Amino acid sequence: MDLNWVVLSLLLPMLVAVVPAVGFAVLFNVPIRFLKYCGIAGAMGYGTRIIAMQLLDFPIEIASLAAASVVGCLAMYWSRKFLAPVQVFAVAAVIPMIPGKFAFGAMVGLMEMNLHNHFDPALMTDVLRLGLKTVFILMCLALGIAAPRLLFYRAKPVV
Amino acid sequence: MDESAHQNIVRLALWAGQLMLQHGADTELVETTTHRLCTALGADWADIAISANNIVISSVSQKKFLTKVRRVVDRGINLKVVCDVVGLTEMVERGVADTYMVEKRLRLLSDKPRKYNRWLVTFVVALSCACFCYLFGGGLQECAVTFTASLVGMVVRQSFAKHHINPLINFAVTAFVSTSVASLGVLFEWGEHPRIAMAATVLMLVPGLPSINAVSDAVEGHISVALARWTFATMLIMATGAGIMLAMTLTGVWSWI
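What you see as residue numbers is a count from 1 along each chain, following the sequence as written. By the order in which they are written, chains take letters starting at A while ligands take numbers starting at 1. This being a predicted model, a pLDDT of at least 70 is required before a residue's local features are given, and a value of 80 or more before pairs of side-chain atoms are given or counted; all residues contribute to the totals for chains, interfaces and linings. As a convention, hydrogens and water are excluded, and side-chain values are obtained from all of the structure's heavy atoms.

### Notes on the pattern of salt bridges
Stage number 1. For this analysis, a salt bridge means a side-chain nitrogen from Lys or Arg found within 4 Å of a carboxyl oxygen belonging to Asp or Glu. On inspection of all chains with the given rule, the structure shows 12 salt bridges over all chains.
Stage number 2. In this structure, A:Arg129 and A:Asp126 form a salt bridge, with 3.4 Å as the shortest nitrogen-oxygen distance. Taken together, the residues span about one helical turn, with A:Arg129 and A:Asp126 both in helix α6 (residues 121-152) at a distance of 3 residues.
Stage number 3. Judged by relative accessible area, A:Arg129 falls into the partly exposed class, the value being 45%.
Stage number 4. Between buried and exposed lies partly exposed: a residue is buried under 20% and exposed over 50% of the maximum accessible area for its type, with that area taken using a 1.4 Å probe on protein chains only. Classification of A:Asp126 by relative accessible area gives partly exposed; the value is 36%.
Stage number 5. The partner of B:Asp217 in a salt bridge is B:Arg229, and the shortest N-O contact between them spans 3.3 Å. One end of the pair, B:Asp217, is in helix α9 (residues 208-219); the other, B:Arg229, is in helix α10 (residues 223-251), and 12 residues separate them in sequence. The pair formed by B:Asp217 and B:Arg229 is uniform in burial state, with each residue classed as buried.
Stage number 6. One salt-bridge network, held together by shared partners, links B:Arg36, B:Glu90, B:Glu93 and B:Arg94. What counts as a helix is a DSSP run of H or I of at least four residues, what counts as a strand is a run of E of at least two, and both are numbered from the N terminus.

Okay, structure coming up:
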């Protein structure tokens, strides 16, 4: 792990991931005073995922779970502090990690099968792989956001 | 507390719950907040049942039951409304707000929800898609193509949403338009990997909040609502996929990833 890697493959993507986190927070109409927290959580989550995937060689699902747990913990802390729902901070922050490319790839593959009537094993494998990845990554992200609430606030509301 | 006061309380709590569900809150949050609002305003107890598109409150006050239902129509994601309703509940619990104030605030939230400027949202989302393109390994030219295509797509999406066109049709048309624009990059061979731009552009149409809400509802035990939300998210993805397919058939640019 040299300095070059840290700057180019960790810090730069983290910085770039701030833009979609804040951008989608604006799309979801998050109040303006919370936008910076969405950005920070987005950067931390994305950085965690890069570290887990590239340094520790975790599969993408486990890395997403770890990243979303970091986001969930941060969101829980701010949620207690500002008395706002966890969602407001967490959902926009995980947007850069949502498997959109996989989801649309699976759908387009399914339609291609139907349209051209060709069911060759390569296409079927592709659709299955993309669809499964989508479902499992999404579940890991949602579980990660909910994890602090499920573990520490079992009987009382967070906010 | 007399009966008309109880009726008023249930009406306000139901209204608050309806607003939260309409603007993208998860079921657990709606349940706890509505219950807290109802009891803080003076009812003895409140039970809340939430299904795919309605909310029921059954409240008790001085051994008298009162049950009301309200329909929930999706009004688009707006987390500020959710935030404000939770804040209002907190104020009522601390004794800072009364029924009159709750009514005034809820009226304001449902009649004139504050939103960011339309063009600001368009610009910021297009910029986000350009950043996705960079994260997928695209160069400057691909990012520029992505930015343009998502800008055009967002304009279409916003104007459709303004006229209350069904979200499925909206997503299909938006996906068609933005994929068509992005596939120009492939046709004219701008940049090294122009196909990345096509994949990054439609990412603004991923139903992120509905799908995360669906899974977290399922985890917390609200299975029926979770199924409904998951179905809706899948429908949105399918509509987007149909738009992408149509555009690819038209322009002849195949193999998307």
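Now, onward.
### With respect to a nonpolar patch on the surface
Stage number 1. On the surface, A:Leu3, A:Val7, A:Leu8, A:Leu11, A:Leu12 and B:Tyr134 cluster together into a nonpolar patch covering about 540 Å² of accessible area.
Stage number 2. With 5 residues, the single largest contributor to the nonpolar patch is helix α1 (residues 3-27) of chain A.
Stage number 3. Its location among the elements puts B:Tyr134 in helix α5 (residues 118-135). Exposure above 30% relative accessible area and no salt bridge define the residues that can form patches, which grow by joining like charges within 9 Å and nonpolar side chains of Val, Leu, Ile, Met, Phe, Trp and Tyr within 5 Å. Areas reported here follow the Shrake-Rupley algorithm with a probe of radius 1.4 Å; residue values treat only the protein chains shown as occluding.

### Notes on the packing of α5(B) against helix α8 (residues 194-201) of chain B
Residues and elements named next belong to chain B.
Stage number 1. With their axes 9 Å apart at the nearest point, α5 and α8 run at an angle of 135° to one another. Comparing their axes, α8 and α5 come out oblique. For the pair α5 and α8, the crossing hand works out as right-handed. Of the residues in α8, those touching α5 at Cys129, Phe132 and Cys133 are Ile196, Ala197, Ala200 and Thr201.
Stage number 2. Of the residues in the contact of α5 with α8, the class split is 6 nonpolar, 1 polar and no charged. Convention adopted: a line fitted to C-alpha atoms gives each axis, helices being fitted over their contacting stretch, and angles between N-to-C directions are expressed from 0 to 180 degrees. Should an angle fall under 35 degrees it is called roughly parallel, over 145 degrees roughly antiparallel, and 65 to 115 degrees roughly perpendicular, with every other angle called oblique. The crossing is said to be left-handed when, going from far helix to near helix, the turn is anticlockwise and less than a right angle, and right-handed when the turn is clockwise. Contacts are assigned to residue pairs with any non-hydrogen atoms lying within 4.5 Å of each other. Each residue receives one of three labels: charged for Asp, Glu, Lys and Arg, nonpolar for Ala, Val, Leu, Ile, Met, Phe, Trp, Tyr, Cys and Pro, and polar for the others, Gly being one of them.

### Describing the UniProt feature "domain: Threonine/serine exporter-like N-terminal" (unreviewed entry) in chain B
Stage number 1. UniProt positions are given in the numbering used here, feature names are shortened, and annotations may be inferred rather than shown by experiment. UniProt records the feature "domain: Threonine/serine exporter-like N-terminal" (unreviewed entry) at residues 12-250 of chain B, using the numbering of this structure.
Stage number 2. The span residues 12-250 of chain B carries 68% helix and 10% strand; its end-to-end C-alpha distance comes to 52 Å.

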